[in-house]
Amino acid sequence: QVQLVESGGGLVQPGGSLRLSCTVSGGLFSMATMGWYRQAPGKEREVVAKIISAGHTHYADFVEGRFTISRDNARKEVFLQMNSLKPEDTAIYYCNYDTSYRGGASFWGQGTQVTVSS
């Protein structure tokens, strides 16, 4: 069983920064596509950023160069550095582990709250 634990959320003023971390136990981390998603109240969960095993990254359009996803395969961790945060970035941020491309499963963390407000 794969377990994911997110940390690093909190309250930050507009324009501020946060660094989210996700630690994975179990599974084949180095082979997984890791992603960060978010869900704001009343909205559907949406992808924020993904990073594949080889390190290539994908970002949602709304990121606009403000966020950076990275991974440490040795430590089985994935990070999301968020800069220039806006109130509309307020949401619960979820970490995702996905090996469905090779017949595996997808797992989610419990989420971490990010609130951007003055």
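Residues numbered from 1 in each chain as written. Predicted model: local features only at pLDDT ≥ 70, side-chain atom pairs only at ≥ 80, totals over all residues. Heavy atoms only, no water.

Draft legend 1. The arrangement of the environment of glutamine 81 in detail. The topology assignment puts glutamine 81 in strand β8 (residues 77-82). Expressed as a C-alpha distance, the spacing of glutamine 81 and leucine 18, which sit 63 residues apart in the sequence, is 6.2 Å. Beyond its immediate sequence surroundings of up to four residues, glutamine 81 is in contact with Ser17, Leu18, Arg19, Arg66, Phe67 and Thr68. Within the local environment of glutamine 81, its side chain forms a polar contact with the side chain of asparagine 83, the two groups lying 2.9 Å apart. (Helix = DSSP H or I, 4+ residues; strand = E, 2+ residues; numbered from the N terminus. Contact = heavy atoms within 4.5 Å. Polar contact = N/O pair within 3.5 Å; in protein donor to acceptor, adjacent residues only side chain to side chain.)

Draft legend 2. Region of interest: the pattern of salt bridges. Considering all chains together, one arrives at five salt bridges under this definition. Across the pair arginine 38 and aspartate 89 runs a salt bridge whose closest N-O atoms are separated by 2.9 Å. Taken as a pair, arginine 38 in strand β4 (residues 33-39) and aspartate 89 in the loop between β8 and β9 (91-98) lie far apart in primary sequence, 51 residues in all. Each member of the pair arginine 38 and aspartate 89 is classed as buried. In this structure, the salt-bridge partner of arginine 66 is aspartate 89, at a minimum N-O distance of 2.7 Å. Pair noted here: arginine 66 is in the loop between β6 (57-59) and β7 (67-72) and aspartate 89 is in the loop between β8 and β9, with a separation of 23 residues, a long-range link. Among the residues examined, arginine 66 registers a relative accessible area of 9% and is labelled buried. With a relative accessible area of 1%, aspartate 89 lands in the buried category. Via salt bridges that share partners, Arg38, Glu46, Arg66 and Asp89 belong to a single interconnected network. (Salt bridge = Lys/Arg side-chain N within 4 Å of Asp/Glu carboxyl O. Buried < 20%, exposed > 50% of the residue type's maximum accessible area, 1.4 Å probe, protein only.)

Draft legend 3. Representation of the pairing of strand β11 (residues 112-116) within the structure. The side-chain alternation of β11 yields one buried face, formed by Thr112, Val114 and Val116, and one unburied face, formed by Gln113 and Thr115. Relative to β11, strand β2 (residues 10-12) is paired through three bridges, and the arrangement is parallel. Across the sheet, glycine 10 pairs through a bridge with valine 114, a residue of β11. (Pairing = 2+ DSSP bridges.)

Draft legend 4. Region of interest: the packing of aromatic side chains. Scanning the entire structure with this criterion turns up three aromatic pairs. Taking the centre distance of 4.9 Å and the plane angle of 70 degrees together, the rings of tyrosine 37 and tryptophan 108 count as edge-to-face. In this pair, tyrosine 37 is assigned in strand β4 and tryptophan 108 in strand β10 (residues 106-108), connecting sequence segments 71 residues apart. You can call tyrosine 37 buried: its relative accessible area is 15%. Across the ring face of phenylalanine 79, the terminal group of arginine 19 is positioned such that the distance to the ring centre comes to 4.2 Å. (Phe/Tyr/Trp six-rings, centres within 6.5 Å; stacked < 30°, edge-to-face > 60°. Lys NZ or Arg CZ within 6 Å of the ring centre and 35° of its normal.)

That's the geometry; what it means functionally is another story.
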